[in-house]
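The residues making up each chain are set out below.
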Amino acid sequence: MARRRGTSITETARLVGSSRSAVVGIHAKWINDGDTSSRRQGVGRPRVIKEKGRRRLFRLVKQNRRQTVAELTAQYNASPSASVSEHTIQRTLLDMGLCNRRPTSVPLLTKRHRQLRLQWAQEHRDWTMDEWKRVAWSDESLFLIQHVDGRVRVRRLPGEQLLPSCTAGHTQAGGGGIMLCGTFSWAALGLVVVVEQTMKAANYLNIIADQLHPYMAFVFPTGIFQQDNAPCHKARNVLEWFEEHTDEFHLMSWPPNSPDLNPMEHISDVMERQLRAQIPPCPNISTLRDSCLDIWYNLSPVMYQKLVASMPRRVAAVLQAKEGTTRY
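Residues numbered from 1 in each chain as written. Predicted model: local features only at pLDDT ≥ 70, side-chain atom pairs only at ≥ 80, totals over all residues. Heavy atoms only, no water.

1. Let's talk about unusual backbone geometry
A negative phi holds for most residues other than glycine; trans holds for most peptide bonds. Heads up, the condition is: Helix and strand definitions follow DSSP, with helices as H or I runs of at least four residues and strands as E runs of at least two, each counted in order from the N terminus. Burial classes follow relative accessibility: with a 1.4 Å probe on protein chains only, a residue under 20% of its type's maximum area counts as buried, one over 50% as exposed, and anything between as partly exposed.
Here the amide bond leading from Ile279 into Pro280 is cis, since omega sits at -5°, within 30 degrees of zero. Topologically, Pro280 is positioned in the loop between helix H10 (264–276) and helix H11 (285–297). Positive phi values are uncommon outside glycine, yet Asn257 reaches one of about 50°. We classify Asn257 as partly exposed; its relative accessible area is 35%.

2. Remarks on the packing of aromatic side chains
Each pair of aromatic rings is reported with the distance of its centres and the angle of its planes. Condition: Working definition: rings of Phe, Tyr and Trp (its six-membered ring) pair if their centres are within 6.5 Å, and the pair is stacked with planes under 30 degrees apart, edge-to-face with planes over 60 apart, and tilted otherwise.
As enumerated under the stated definition, the model contains 10 aromatic pairs in all. Look at Phe225 and Phe242: their rings are 5.7 Å apart centre to centre, the planes differ by 20°, and that puts the pair in the stacked class. Of this pair, Phe225 sits in strand E8 (residues 223–225) while Phe242 sits in helix H9 (residues 236–244), and the two are 17 residues apart along the sequence. We note that Phe225, like Phe242, is buried.

3. Concerning the packing of helix H3 (residues 51–63) against helix H4 (residues 69–76)
Defined as follows: Axis definition: a line fitted to C-alpha atoms, limited for helices to the stretch in contact. Angles are taken between N-to-C directions and run from 0 to 180 degrees. Angle categories: roughly parallel below 35 degrees, roughly antiparallel above 145, roughly perpendicular from 65 to 115, and oblique for all the rest. Left-handed describes a crossing in which the near helix is turned anticlockwise from the far one by less than a right angle; the clockwise case is right-handed. By definition in these notes, contact holds between two residues if any of their heavy atoms fall within 4.5 Å. Each residue is assigned to one of three groups, with Ala, Val, Leu, Ile, Met, Phe, Trp, Tyr, Cys and Pro labelled nonpolar, Asp, Glu, Lys and Arg labelled charged, and all others, Gly among them, labelled polar.
Remark: H3 packs on H4, axes separated minimally by 10 Å, with the N-to-C direction vectors making an angle of 125°. On the basis of their axis angle, the class for H3 and H4 is oblique. The two elements H3 and H4 cross, and the hand of that crossing is right-handed. Residues Gly53, Arg56, Leu57, Leu60, Val61 and Gln63 of H3 form the contact with H4, whose participating residues are Leu72, Gln75 and Tyr76. Here the residues of the contact of H3 with H4 sort into 5 nonpolar, 3 polar and 1 charged.

4. Overview of the layout of surface pockets
Put simply, the test is: Of the two site types, the cavity is a set of points on a 1 Å grid over the protein atoms alone where a 1.4 Å probe fits but cannot get out, and the pocket is an open set with protein on both sides within 12 Å along at least five of seven lines, each lined by residues with an atom within 4 Å of a point. Grid points are joined across faces, edges and corners, and a volume is the space filled by probe spheres set on the points.
Estimated volume of the second largest pocket: approximately 380 Å³. In this structure, the second largest pocket is lined by 11 residues; those nearest its centre are Pro46, Arg47, Val48, Thr88 and Arg91. No other element matches the 5 residues that helix H5 (residues 86–95) contributes to the lining of the second largest pocket. Residue composition of the lining of the second largest pocket, by class: 3 nonpolar, 3 polar and 5 charged.

Here it is as structure tokens:
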């Protein structure tokens, strides 16, 4: 309109807050095409799978999280109006955030387990950091020479890792290995014992009597010892031993099937990752034992202190999850 009224290019540019070249280009487009709208609606090709198709694809994924791209493509193209390639399905899944991930390993929780977890969380919801620092955490971890990934994958969005359809059992492994029985606290890494056989009650009793007892007496007089509910931990002679030494340190009550509450699980994960990153991999049991011990004794104090500091959040997560599995 300004150009039609005879306004100069410079004055028109000042009037509309644009450059002179923009004014020239837009005016020329008006003269040639009769309008000034841009025909460019976006960058690249339009989507082959529209919004309705994306919703349908998401429903197919939810029906079976473990389907391959080929299987999803076949199901999607079962509709008479659909004909897309596997490449299109793959790109659409990635665009929707449905990445192919390993299923999350979570413990099986019965109704009774959930009740006991909630009860434990309620009992410890008001614990201070000083109380958590008095706990010596323990666990047994199995490390194997060969680590075989079953290559099971699920498609899930962020935050869906704890859905029943996105979880699985533990990763398969084999080839022989060792078990480490370790203890740590806020103050320091504790004892670590290599067990090259199945852990039974007699073995465990020897460990706590000969090695745990001196450690607790020196580091944690009147402290608290944590162990899970493995059969060897709940054997009668083991519990009787703890009762006899209750004036020296207390045994913490522990809910069943709750590895997400034990920070020792994270230490095991860290050690496993470091072990698998070693090149060349451990060729035999002896090398595996040396590597595990070397990793253990070089764990960062900052790391395991952060794990202890996470306990109030873990308790809060159980309360928020209403007895269910948490993300820890």
